[in-house]
Structures are given as structure tokens and as C-alpha cells.
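For reference, the chains in residue letters:
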Amino acid sequence: MANERNYYTVDPEGKLQCMKCGIPLVKGKAKFMYLDNGFPVELPVCPRCGFVYVPEELALGKVASVERALEDK
Amino acid sequence: MQIEERGSTHVYKVNRISKEEIDTMVERCVYEDPPFCNAACPLKLDTRTMLGAVAEGNLKKALQIYEKAAVFPLILSMGCEAPCEEKCRLCEKGDGIAIRAVEAAVARFGPVSRQDSIFRTKKKKSVAILGSGLFPLFLAGEVEKKAYPLTVFCEQPDLDGFLRCETGFLDSDAFAQELKRLEEKDITFVFNCEFTEAFLEKQRTAFDVLCVSQEVLDGLAPGCAFDSDLMICRETCLVSCREKGVMAAAFGAKKAALTVDRLVQNLDPSSNRGKEGAVASRLYTDLSEASALSRTPVPEGGYTAQSAIEEAGRCIQCHCEECMKSCSYLRHYRKFPGLLAKEIYNNTQIIMGDHQLNKPMNACSLCGQCTVVCPNGFDMAHVCHLARQNMVSTDKMPLAPHEFALLDMLFSNGDAFLSRPQPGFEKCRYVFFPGCQAAAIAPETVKAAYEDLCERLDGGVALMLGCCGAICDWAGRIELEAQTTEFLARELSKLGDPVIIAGCPTCKKELQEHHALQVRGIWDVLLKIGLPEEAHGLDRPVALHDSCGARGDAHTQQAIRKLAQQLGCDLVETPYAQDRSPCCGYGGLSAYANREVAKEMTEQCLARSEAPYLSYCMACRDRFARQGRESRHVLELVYGTDAGTPPDISEKRYNRLTLKKELLQEIWQEEPMESKLDFQLEYTPQARESMDERMILTDDVVAVLTDYRLTKEAVLDEENNLLIARKRIGNATFWVKFTKTGENSYLVHSAYSHRMQVVRRNG
Ligand code: SF4
Ligand code: SF4
Ligand code: SF4
Ligand SMILES: [Zn+2]
């Protein structure tokens, strides 16, 4: 779907490998969940084992600020 | 060890504070009470703001303020009896402010703002005033200001004659200025009138409300009953005034104008009037810095603009700021407690929507300093504490700000907990309870103290390493607090319900509150049994910081002073000492909820003296040392130990475990069970530093790596060759970036966490 809404997209750009499966991570669909709220996102995921990677900048930036906002709801 | 995260959809109400209770509390704060000069003015002139504007040289703004109270500023300022002046607080130190003379200069030299009365939409009901003199003049000004179509009937042949009546004290310049002001008002004048019965009756049909001068009233309705609060003769329904004098006329006109308002709305004139006239003020003003001053002399003909500015500059702008001066938390949020308390209470009542006051509610250190410094004992700590409990009870309290501290408490009363009678005793007369912070920050001191107590006290001294429960109390977690109390009570009873020797004033207070046992401070015990040989003070002056845990406990404050004296300490007096002492920033979990505020608290403590700090709470010792100040706990001086550089959060845990292990081995000859790691971890300095900042423990990193070694789940970032693994622990996911340095060894480059859960989704 072209007009699907994602809150955030991170493209692995072929630079991330799943160590367990030995294959590159690809851009895949994922969901953040916190305090009964869910947010669709696109993150680097392993197409085989399903490992979802949350980069440091994302965790400390966007994710942290959304967490703070939800905590005060 | 886990604390359950709250849900976000629970909607129910709990009221731990009632609206009435909060209103009574809020009432205590006198910040919003008017200054004494203002309170004494029947016209409610905002004297303080006006004087402030004059002091800044802004006469235009000053005149705008003055005109709100005075419709004819020159007449009022030149004729007013100035009841405000004798109420000025500066009278207690010298001359009060020459308020009336400043007002006169404002009226004379203040640039008049554009009058736009012509463009105002007029009201429908019409008003007439019959007669002349100060009351009809002022009333005309007030009624015109309210935008009623107004007609003034007078005996005089012209406006000049009307204005001259009862204003003989004006000089010609002032008269000219007020005449101009009168001319600019939107009033219809009818001159050369004769006030006969027939004339009156005619106007009764033509106007909705009739007002008359005292002379006209006496002429037409002699001896009628008159209500001088409402300014009305009810019998004839005439609005009037029976008193003479400038202030009487001005105040009478204000009350009369309100009566006019009520009459046109067909309401009883007494309804809905609020507080009129002069009031009593409870405002508190600190005069300690105001010196005995004398008035700028008022020359014949009044102040020039310049001398008025000078005189107004003497006004100290009475405000109550006692709490703001002493509490950096209140200064941070720039709100006086009355308002902040109300907002925090409202925050607890929100069911749906943003709880914007969560952060301020959790940033107060619950230290109680405000209650001591406030002249009315305002208790902000009580408000914030109840609000936290309320939020927890309604499941609206975010767990994030307090989770680390709560888990730390569970750790203190779990893995790091130790409770043993002295070897050779089954039950003990005493138990030493050093407090969780002492074990974390100064384990050597705890050990030395325990050994000393065992040696010198009879009847057996047990040891209990754990947390007193202050942490969950501060977090507003009532259930957890009850569980903690129960747990400690059980352990204490196993030891034979001994007398508790507390090493920390907060523990002492907390344990006293929850356990029916005798609790003493170790300082009292030491005063009784004398100092050990190794005890000695520092060789330079030290500033004593009183712990907020000892607020209201004069006995402890004095005992510490005596102890310091016996140690040979040269104590430096600091402002805000004993009961007035500020919090170091650890209290109330401030440092977890708002690091910035907590830092400001620490800085405020340290600003009191340049000297090294001596404290009797380990948390204070720790925060001062972290801030770079030489800082010692009194027990370090007693036992000749030095806890040195403050530990980071992981070291604090490690210290507690190690202390427990060593004591078990050395004193109780027990070999603790230890699970040895089968791999080794090293950290880059940056990793260690940022972990402390992000509240990530080495234990968390170990858990991630242990998991990785089992599952081999990780990502390789080819850009920098770092491996990245993760594990969900409790309510957060922890990520570790590392490299392999050997078969079973790793170097950690970074660690981070988030509370959100992340899952794959299809479609
Ligand atoms: S000290 Fe603070 S809380 Fe107390 S009355 Fe003054 S402004 Fe209000
Ligand atoms: S010092 Fe200023 S604000 Fe205070 S009472 Fe006097 S005139 Fe009013
Ligand atoms: S931090 Fe202390 S002084 Fe400041 S408001 Fe809270 S309890 Fe009062
Ligand atoms: Zn994989």
C-alpha cells in the first residue's frame, strides 16, 4: 500500500547483518507498543528469524520522547 | 524483581485529598494578598504596581494604573487623606513612602493615554445625576466609565462652574487639566437647573436611574433613611452620598456606581458586591534588609517627575517570597506554592488527557523546608506527597521516573539484604541499621561502625543491611510501603525486636513512624559511649549541612554538633541551617524525576559556604562530592575512614553486595553462594559514563550478554564492526553494542534502553 502510515522508517541500507542467520537485515514492518498504545513503524528486521533492530539514535530520540508523552497521559 | 507497569486505560477516581482540604492549604499562602498600602486604600489602588512603574520612570503606565482607581487623578491626589501611607511597611524602619505626593506627580506629569470613550458602544439604560460637588463629579466619571448614557443636571451656568464646586484646593494648572479631562468625557450637561419636586418627577420618567448630590437629597427628601454601604435612599430610590471629603466622595462614587449597575439590572443593590473598601492583608514582608530611610522631601507645589521617581524607588515592592528565596525547586518552576499546589491537585483529577504537572509533582524533594521558612507554614511536601499517592492509586502515575529507585530498594531488601544477630547471641538488645545509602557509598565505614558497636555495647548488636522504606514512601507507593514495613517487622522480630540504632536521620524517622520499637541515632550512642581512638576532625573549617531527614528533630541536630565538636571540627555557620536547611536533591526522589532541579538544589546547598561539607546523611555526602566539593560524612571522621570518590550506580550495587559478602565471611563465617560468570566484560570509559547517565547497570549488560551467548541473537553493524544484542528485562529493553576481544571476553562500547516494546507486524 502506497499510502500506509508509518510513524518512523529506518532503512538498513544493506549495512546490517543478522548474526544468527548470516543474512542482511531488510526494511520490514514492526510495531512499538507502550501503555496500551501501538505505533506502526518500519525498522531493520531479519527476514528469516524476525529480529527487529532499534538503533541507538532512535531509542534515545524519538522513542524516548514518545514514551515521555504517553507516560503523562 | 519487577514492578508492574501501569495500564493506560484505567479510569476511576480516588481522592486522597479533598477539594476543601486543598483549598484550606492554598488559603495559607499569602502571596496573592495585597500589599498593606493597597489593602488600606478604599479605592483598591494597585499602589505597588503603580510605584513600580514610577520607579522605572514609566509615568504613562503609572497613570493608567492610577486612573483605574481615580477618575479625576489630580483632584484625588491633591485632596485624598491617604490612609495607605501610614500602613506602608517602611514606616517600621523610618519614613513610609510618600504615596500621595507620588500620585500627584503621576497625575500631573503622566502622559494621558488616548480616550476612546466616543467609540465605545453605549449601554441601553440611562442615568441622570442631579447636583454638583465632589460626589456628583466622581460619580459622573464612574458612570461614564461604565458606558451608560449619562446626563448631568446642575445649577451652574457652565462646566467651569460645575467643576469649581468643592474643588477650591486645586491650583489653576490642575484645574485646567481636570477641566480638559471632564470635557473629553461623553456626558450630556444641562445647566442652570432648579431642583424642584416637579423637576425630579419629570426626570424619573425620563431616566432609568436617578442620582443626586447630598444637597439635592436633603432638599427633596429631608431626613430620609439612607444606606451608606449601598449609597441609596430606598424610600425614594435615589442614589446619593451623605459624607463630605475627597476620599468619602471618591469611595462613595465607586459604591454608588455599583448600585447603579444593580438597579439597571433590576437586582437588589446589595447583591453580588464582593469585598468593598479597605481590607486587612495577611501579606508577609521581610524587612530584614530594609534600612531606616527618610522620605524624599516634598517641596511646596509637589514633587517634580524626577523626585517622584526617586521616592517611588524606595518602595520595596512588598511580596512574600520566603519560600522562593530558600527553595530552588519553587524557583525553578517560578510559581508560588498556592498556585502550584492548586495545579498539582488539579493534575490528580485529570482522567483523560495530559498530566502536565507530573514532573513538578515529582520534582519536589518533600523536604519540608518551605513549611519552616513560610510565615504561615505552607506545606508543599504534603501536597506533592498526597498527589503522588493519589496518582498511584488511580493508576495514573508514570512508573518511569521512579522505577530505578524502586528497583534499587527491592535490591537493597533482596539480594543485598542482610539480617543477622551478633555471633554468640540469638536475640540482641540492639540492631545497627546503617541505611541503604551508607552501604552503597561508604561500605568500609559501615563495617567499622558495626565492629565498634559490637565491641562496646552489651547485650548483642545485630546488623540489618537494607532500605527503611523511604524510597517507596517518597514515590507514593502505599502498598509497597506496607509490604516493606511488614518485611522489616518480621526480620526485626526474628532478632528479638531490638532497639534500632539508625545510621541515617531519614531511616530514623521512617523506622520510628512504622515500627513500635525504640529508634536511636548512632550519633546519640557515640555521645554516650565516647568516640573511638581513631576519631578526628578535619584540620580545616567545615560547613555542617543539616539533613532534611532531621528537620524538626532538634535533638539530632544538636547531637551532631556536639559530636563534631568532640571530633575537634571547626564548624562554619551557614545561612539556612538546622530546621531551615535545604535538601541536597536526593530527598523525595527529586534526582530521579528531574535531574536539573536536583542539581540546582545541590548547588544551592553548596552556595552557602566555600568550606568542605560535613553531613550526617550519606546521600547528602554523595551529592556534594559529585558536585566536586570535598564532602565527608560524620561517621567517616569518627572511624577514620574515607569513602573517597563517589561510586556510580553500578558500583553502588556492587558495594552493597560486596559488603554483605565480606561481612558474612568475616563475622559470621558463612561462605555466600556465588554464581560466577563464565565470560569477562570490559567497558570503554564512555560506555561506563553514559550508562550511569542512562541509569543502566552492569547487571543489565551482563544479562544481555548472557542471553546473547545462549541464543546468538545479534546484529552486526558493518559500518563499525560492532555487535548489537538485546534483552527485555522487566519493563525495558536493553541494547548493548560490543566487540569480541577473546573466546570468552567482550568490550562494551555502549548500552541503551527503551521502555516501548517492539514486535514484528504482518501487513
Ligand atoms: S512563604 Fe511562600 S508559601 Fe508561604 S505565604 Fe509566602 S509565598 Fe506563600
Ligand atoms: S513598601 Fe511599597 S508596597 Fe510595601 S507597603 Fe510601602 S508602598 Fe506599599
Ligand atoms: S523541595 Fe522542599 S522546600 Fe521546596 S517545595 Fe518541596 S518540600 Fe518545600
Ligand atoms: Zn535472523
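Residues numbered from 1 in each chain as written. Chains lettered and ligands numbered in written order. Predicted model: local features only at pLDDT ≥ 70, side-chain atom pairs only at ≥ 80, totals over all residues. Heavy atoms only, no water.

## Observations regarding the overall build of chain A
Turning to step 1, where the next piece is worked out: Looking only at helices and strands, one finds one helix and four strands in chain A.
Turning to step 2, where the next piece is worked out: Ordered by position from N to C terminus, the α and β elements of chain A give β-β-β-β-α.
Turning to step 3, where the next piece is worked out: Overall size of chain A, expressed as C-alpha extent along the three principal axes, is 40 × 30 × 20 Å.
Turning to step 4, where the next piece is worked out: Counting over 73 residues, chain A shows a buried share of 45%.
Turning to step 5, where the next piece is worked out: A fraction of 43% describes how many contacts in chain A between residues 6 or more apart in sequence connect residues 24 or more apart.
Turning to step 6, where the next piece is worked out: Total accessible area computed for chain A in this model is approximately 3,700 Å², and 51% of it derives from carbon and sulfur atoms.
Turning to step 7, where the next piece is worked out: Charge separation in chain A, taken as the distance between the mean sites of 10 positive and 10 negative side-chain charges, equals 6 Å. (Helix = DSSP H or I, 4+ residues; strand = E, 2+ residues; numbered from the N terminus. Buried < 20%, exposed > 50% of the residue type's maximum accessible area, 1.4 Å probe, protein only. Contact = heavy atoms within 4.5 Å. Areas by Shrake-Rupley, 256 points an atom, 1.4 Å probe, with all protein chains shown as cover. Lys, Arg positive; Asp, Glu negative; His and termini not counted. Charge placed at Lys NZ, Arg CZ, Asp CG, Glu CD.)

## Notes on the site of ligand 2
Turning to step 1, where the next piece is worked out: Near ligand 2 you find Pro35, Cys37, Leu51, Cys88, Arg89, Leu90, Ile97, Cys315, Ile316 and Cys318 of chain B, and these make up its full shell.
Turning to step 2, where the next piece is worked out: Here the residues of the shell around ligand 2 sort into nine nonpolar, no polar and one charged. (Near = heavy atom within 4 Å. Nonpolar A, V, L, I, M, F, W, Y, C, P; charged D, E, K, R; others polar.)

## Focus on the site of ligand 1
Turning to step 1, where the next piece is worked out: Surrounding ligand 1, one finds Cys29, Val30, Tyr31, Cys320, Glu322, Cys323, Pro337, Cys374, Pro375, Asn376 and Phe378 of chain B.
Turning to step 2, where the next piece is worked out: Partitioning the shell around ligand 1 into residue classes produces nine nonpolar, one polar and one charged.

## Observations concerning the environment of Cys367 of chain B
Residue and element names in this part refer to chain B.
Turning to step 1, where the next piece is worked out: Its location among the elements puts Cys367 in the loop between α18 (358–363) and α19 (369–373).
Turning to step 2, where the next piece is worked out: Owing to a relative accessible area of 12%, Cys367 belongs among the buried residues under this scheme.
Turning to step 3, where the next piece is worked out: Separated by 40 residues in the primary sequence, Cys367 and Leu407 place their C-alpha atoms 22 Å from one another.
Turning to step 4, where the next piece is worked out: Contact partners of Cys367, with chain neighbours within four places excluded, come to Ala381, Cys548, Arg551 and Cys583.

## Overview of the environment of Cys91 of chain B
Residue and element names in this part refer to chain B.
Turning to step 1, where the next piece is worked out: Structurally, Cys91 is set in the loop between α6 (83–87) and α7 (99–109).
Turning to step 2, where the next piece is worked out: Relative accessible area serves as the criterion here: at 32%, Cys91 is assigned to the partly exposed category.
Turning to step 3, where the next piece is worked out: C-alpha separation for the pair Cys91 and Leu293, spaced 202 residues apart in sequence, amounts to 9.1 Å.
Turning to step 4, where the next piece is worked out: Beyond its immediate sequence surroundings of up to four residues, Cys91 is in contact with Glu85, Glu86 and Gly96.

## Brief notes about the packing of helix α27 (residues 522–529) of chain B against helix α28 (residues 554–566) of chain B
Residues and elements named next belong to chain B.
Turning to step 1, where the next piece is worked out: Put simply, α27 and α28 touch, their axes get as near as 9 Å, and they point 45° apart. In terms of axis orientation, α27 runs oblique to α28. In the packing of α27 onto α28, the handedness of the crossing is left-handed. Along its contact with α27, which presents Trp523, Asp524, Leu526 and Leu527, the element α28 presents His555, Thr556, Ala559, Ile560, Lys562, Leu563 and Gln566.
Turning to step 2, where the next piece is worked out: Across the contact of α27 with α28, the residue classes tally to six nonpolar, three polar and two charged. (Axes fitted to C-alpha atoms, helices over the stretch in contact; angles between N-to-C directions. Parallel < 35°, antiparallel > 145°, perpendicular 65-115°, else oblique. Left-handed = near helix turned anticlockwise from the far one by under 90°.)

## A short note on the sheet that holds strand β18 (residues 722–729) of chain B
Turning to step 1, where the next piece is worked out: One open sheet accounts for seven strands, arranged β2(A)-β1(A)-β17(B)-β18(B)-β19(B)-β20(B)-β16(B); its pairing is mixed. A single partner strand is all that each edge strand has here, and the edge strands are β2 (23–24) of chain A together with β16 (680–683) of chain B.
Turning to step 2, where the next piece is worked out: Relative to strand β20 (residues 745–754) of chain B, strand β19 (residues 732–742) of chain B runs antiparallel, the two sharing nine bridges. Looking at β20 of chain B, one finds that Trp735 of chain B is bridged to Tyr752 of chain B.
Turning to step 3, where the next piece is worked out: Packed on one face of the sheet, helix α1 (residues 56–71) of chain A meets β19 and β20 of chain B and runs near 25° to β20 of chain B.
Turning to step 4, where the next piece is worked out: Against the sheet, helix α34 (residues 685–693) of chain B touches β16 and β20 of chain B, its axis set at about 30° to β20 of chain B. (Pairing = 2+ DSSP bridges.)

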